[in-house]
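# Architecture at a glance
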Amino acid sequence: MLGSIAITMLGLLFVTFLIGRVMPIDPVLSIVGERASPETYQKVFEDLGLDKPLLVQFGYYLWDVLHGDFGVSLLTAHPVSEDIGRVFPATLELATLGTLMGVLLGVPLGVIAAVRRDSWIDQIARVVALVGYSMPIFWLGLMGLLVFYGILGWVGGPGRVGIFYADVVPPVTGMILIDSILDGNWEVFRDALSHIVLPASLLGYYSLAYISRMTRSFMLEQLSAEYITTARVKGMSERAVIWRHAFRNIRVQLITVIALSYANLLEGSVLTEIIFAWPGIGSYITNALLSADMSAVLGGTVVIGLIFIILNVGSDLLYRFLDPRAK
């Protein structure tokens, strides 16, 4: 397993390195500007190691990344690693709440839809999943802000907290809900909760649509198996048949679905973060890309790729725990 992780990570770094070299953006001009003298341009060109062969450049890049050095952001003038450490907890908090909503609502909905196949509950579940897949999340976000914030005033507006609560709670984990609890500041907690509930619900709905659909598909396959018929013939209760046998056999598949959903929310919540002015890694990478800040873009890309690797490894470990045959 360690060998496959190392090879995957090496491939990820190589791809990001090539992306940085083939992009039609001159990293030297991004630093020195278009009016710099040829001498200044050449000096920075050599300092960046761009005058050396590609394999040597990749070796330098690999060495820097392994030491947590992604370079300095042109946009913030801070090390990229520091910027990522500052913005990633916001995305982690948002995606985690969205995934929890998706799992807690999507799994039971998928199970009930499969058990009540072709009933009105099943029809509603399929419509919910279809709408979740079909509706652009940026449109749902704008409509949500208009209705629940602009008209009804039930939730907070864009941003993580109101302007009066900004920087009130000392950052410990970087996740405002947890930090406000640790600080005992319940006013900030309530304000932060009112701001995160709408974007987290939108991501949760997106996650729910995917998880409920896959859960329904997995359960239908199990409920049509012969061992389920045998269990029913033996007089086992329907509750035991569904949860102790059928659902038990789809847990491993659900782990993969949930892990992929979580990873997609961590790296795919860019539009949600932009609409809600959420200072997460999606917004950070987008702003860096628009500013031709390739150090920040590549650093964020590596971090997102590392998250996928970690979630895949975690899924494999859970497989072995839930299903001894995987060992």
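Before going into details, it helps to say that this report is about the structure given with it. (Residues numbered from 1 in each chain as written. Predicted model: local features only at pLDDT ≥ 70, side-chain atom pairs only at ≥ 80, totals over all residues. Heavy atoms only, no water.)

## Section: the packing of helix H5 (residues 80-115) against helix H14 (residues 281-290)
- H14 packs onto H5 with a crossing angle of 135° between their chain directions and a minimal axis gap of 7 Å. It follows that H5 is oblique to H14 by the angle criterion. Contacts between H5 and H14 pair Val-80, Asp-83, Ile-84, Val-87, Phe-88 and Thr-91 from the former with Ile-281, Gly-282 and Tyr-284 from the latter.
- Residue composition of the contact of H5 with H14, grouped by class: six nonpolar, two polar and one charged. (Axes fitted to C-alpha atoms, helices over the stretch in contact; angles between N-to-C directions. Helix = DSSP H or I, 4+ residues; strand = E, 2+ residues; numbered from the N terminus. Parallel < 35°, antiparallel > 145°, perpendicular 65-115°, else oblique. Contact = heavy atoms within 4.5 Å. Nonpolar A, V, L, I, M, F, W, Y, C, P; charged D, E, K, R; others polar.)

## Describing the layout of surface pockets
- The calculated volume of the second largest pocket comes to roughly 400 Å³.
- Around the second largest pocket, the lining is made up of 15 residues, and of these Arg-160, Asp-167, Pro-171, Gly-174 and Ile-176 lie nearest the centre.
- Taken together, the elements giving at least two residues each to the lining of the second largest pocket come down to H5 and helix H8 (176-183).
- The residue inventory of the lining of the second largest pocket, partitioned by class, reads ten nonpolar, one polar and four charged. (1 Å grid on protein atoms, 1.4 Å probe; cavity = no way out; pocket = protein on both sides within 12 Å on 5 of 7 lines; lining within 4 Å. Points joined across faces, edges and corners; volume = space filled by probe spheres on them.)

## Some thoughts on helix H7 (residues 137-151)
- Over its 15 residues, H7 extends 20 Å from the first C-alpha to the last, a length consistent with the 21 Å expected when each residue adds 1.5 Å.
- Burial in H7 covers these residues: Ile-137, Leu-140, Gly-141, Gly-144 and Leu-145.
- Residues of H7 that are buried in the fold lie against helix H9 (186-223) and helix H13 (270-275).
- The positive-phi residue at the C-terminal boundary of H7 is Gly-153, with phi of around 70°. (Expected span 1.5 Å × (residues − 1). Buried < 20%, exposed > 50% of the residue type's maximum accessible area, 1.4 Å probe, protein only.)

So far we have only geometry, and geometry alone does not tell us how the molecule works.
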